[in-house]
Amino acid sequence: MEGTLFSPALEGMKHVKSEHGELMTKPFLEVCKLVLPILDKFGAAMTVVKSDISGNISRLESKYNENPSRFNYLYSFVQAEVEIKTAKSSSSCTNGLLWLTRAMDFIVVLFHNLAQHQDWSMCQACNDSYSKTLKKWHGWLASSSFTVAMKLVPDRKKFMEVIGGNGDIYGDMEKFCTTFSPILQQIHKFLASVGLDSMKAS
């Protein structure tokens, strides 16, 4: 393959913001979708994370498709739900966006770990990332199933070969983390500003 598995997502990130710096719904969701083929390479270990991400993308996409001009900007979902007081519902788009962002936080820290700590095992990189991101939002059940899933992570060397293609895998990984992280921070900041950044999993 041309480049690495990160190349499409890196390309997609160039279009996530409007010329005024606002986050655009469709390009953001596209970038999240482009992360899924990378997660596929983890095999069964990431099944739960992957289905969670896919479900939240679908939720936001179907809302966007109802009225693309109204929901052109990412925060418009949240503003619409805050107005009608449904933002805190577990089936809201706000909740979908929050959990999608949290899952992406986990992925960014995971790849940051792999790039920065080339002596770490895959399991070490995953567990460290989980404890820094998703763990505090998960209840006992979600946490236990995650711990079990992490026992299925692939061998690091094989994984790196699979996702590397013919590009500079560590360079692309770093670029992915440094470009995506500020976008995710911006979403958290916005959700916090409307008091919606601390919802936990049931």
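Residues numbered from 1 in each chain as written. Predicted model: local features only at pLDDT ≥ 70, side-chain atom pairs only at ≥ 80, totals over all residues. Heavy atoms only, no water.

- For the protein, the name recorded in an unreviewed UniProt entry is Glycolipid transfer protein 1, with Datura stramonium as its organism.

**Comments concerning the side chain of Ser18**
Then comes step 1: The residue Ser18 is located in the loop between helix H1 (7–13) and helix H2 (25–40) in this model.
Then comes step 2: Residue contacts for Ser18: discarding those within four places in its chain leaves Met24 and Tyr73. (Helix = DSSP H or I, 4+ residues; strand = E, 2+ residues; numbered from the N terminus. Contact = heavy atoms within 4.5 Å.)

**Points about the packing of aromatic side chains**
Then comes step 1: Tallying each qualifying case throughout the model produces 11 aromatic pairs.
Then comes step 2: Relative to Phe180, the ring of Phe28 lies with its centre 6.2 Å away and its plane at 40 degrees, an arrangement referred to as tilted. Of this pair, Phe28 sits in helix H2 while Phe180 sits in helix H9 (residues 169–193); the two residues are 152 residues apart in sequence, bridging distant segments of the chain. There is no split in this pair, since Phe28 and Phe180 are both buried.
Then comes step 3: Seen in terms of ring centroids, Tyr75 and Phe190 are 3.9 Å apart; in terms of plane orientation they differ by 5 degrees. Their pairing is stacked. You can see Tyr75 sitting in helix H4 (residues 75–83) and its partner Phe190 sitting in helix H9, a full 115 residues away along the chain.
Then comes step 4: Cluster of aromatic residues (ring-pair linked, three or more members): Phe6, Phe28, Phe42, Phe111, Phe159, Phe176 and Phe180.
Then comes step 5: Of note, Arg102 hangs over the ring of Trp99, and the distance from its end group to the ring centre comes to 4.5 Å.
Then comes step 6: Across from the ring centre of Trp137, 3.8 Å away, lies the NZ or CZ of Arg102, which sits over that ring. (Phe/Tyr/Trp six-rings, centres within 6.5 Å; stacked < 30°, edge-to-face > 60°. Buried < 20%, exposed > 50% of the residue type's maximum accessible area, 1.4 Å probe, protein only. Lys NZ or Arg CZ within 6 Å of the ring centre and 35° of its normal.)

**Some points on the nonpolar core**
Then comes step 1: Counting residues in hydrophobic clusters, the biggest one holds 69 residues, and the most contacted among them are Phe28, Ile53, Phe111, Phe176 and Phe180.
Then comes step 2: With residues up to four places along the chain from it excluded, the contact list for Phe176 reads Phe6, Ala9, Leu10, Met13, Val35, Ile107, Val108, Phe111 and Ser181. (Core = buried A, V, L, I, M, F, W, Y, C linked by side-chain atoms within 4.5 Å.)

**Details of the UniProt feature "domain: Glycolipid transfer protein" (unreviewed entry) in the protein**
Then comes step 1: Mapped onto this numbering, the UniProt entry annotates "domain: Glycolipid transfer protein" (unreviewed entry) at residues 24–164.
Then comes step 2: In this annotation, residues 24–164 is assigned 71% helix and 0% strand; the end-to-end C-alpha distance for the span is 29 Å. (UniProt positions renumbered as here; feature names shortened; annotations may be inferred.)

**As for the environment of His138**
Then comes step 1: Positionally, His138 belongs in the loop between helix H6 (122–132) and helix H7 (140–150).
Then comes step 2: Judged by its relative accessible area of 21%, His138 falls in the partly exposed class.
Then comes step 3: Spatially, the C-alpha atoms of His138 and Trp120 are 25 Å apart, while their sequence positions differ by 18 residues.

**Focus on H7**
Then comes step 1: Those residues of H7 that fall on the buried side of the exposure criterion are Ser143, Phe146, Ala149 and Met150. One side of H7 holds all its buried residues, which, seen down the axis, span an arc of 125 degrees. H7 presents Trp140, Leu141 and Val148 as exposed residues on the side facing more than 90 degrees away from its buried surface.
Then comes step 2: At its buried positions, H7 is contacted by helix H3 (47–66), helix H5 (93–116) and H6. (Arc of directions from axis to C-beta.)

**Some points on the packing of H5 against H6**
Then comes step 1: Across the interface, H5 lies against H6 with an axial gap of 8 Å and an inter-helix angle of 140 degrees. With respect to H6, the axis of H5 lies oblique. When you trace H5 past H6, the crossing you get is right-handed. Contacts from Phe106, Val109, Leu110, Asn113 and Leu114 in H5 reach Met122, Ala125, Cys126, Asp128, Ser129, Tyr130 and Lys132 in H6.
Then comes step 2: Considered class by class, the residues forming the contact of H5 with H6 number eight nonpolar, two polar and two charged. (Axes fitted to C-alpha atoms, helices over the stretch in contact; angles between N-to-C directions. Parallel < 35°, antiparallel > 145°, perpendicular 65-115°, else oblique. Left-handed = near helix turned anticlockwise from the far one by under 90°. Nonpolar A, V, L, I, M, F, W, Y, C, P; charged D, E, K, R; others polar.)

**What to know about the state of the cysteines**
Then comes step 1: All told, the structure shown has zero disulfides when counted by the stated rule.
Then comes step 2: No disulfide involves Cys32; its nearest neighbouring cysteine sulfur is the one of Cys93, lying 14 Å away.
Then comes step 3: Of the cysteine sulfurs around Cys123, a residue in no disulfide, the closest is that of Cys126, at 6.7 Å.
Then comes step 4: Judged by its relative accessible area of 30%, Cys123 falls in the partly exposed class. (Disulfide = S-S within 2.5 Å.)

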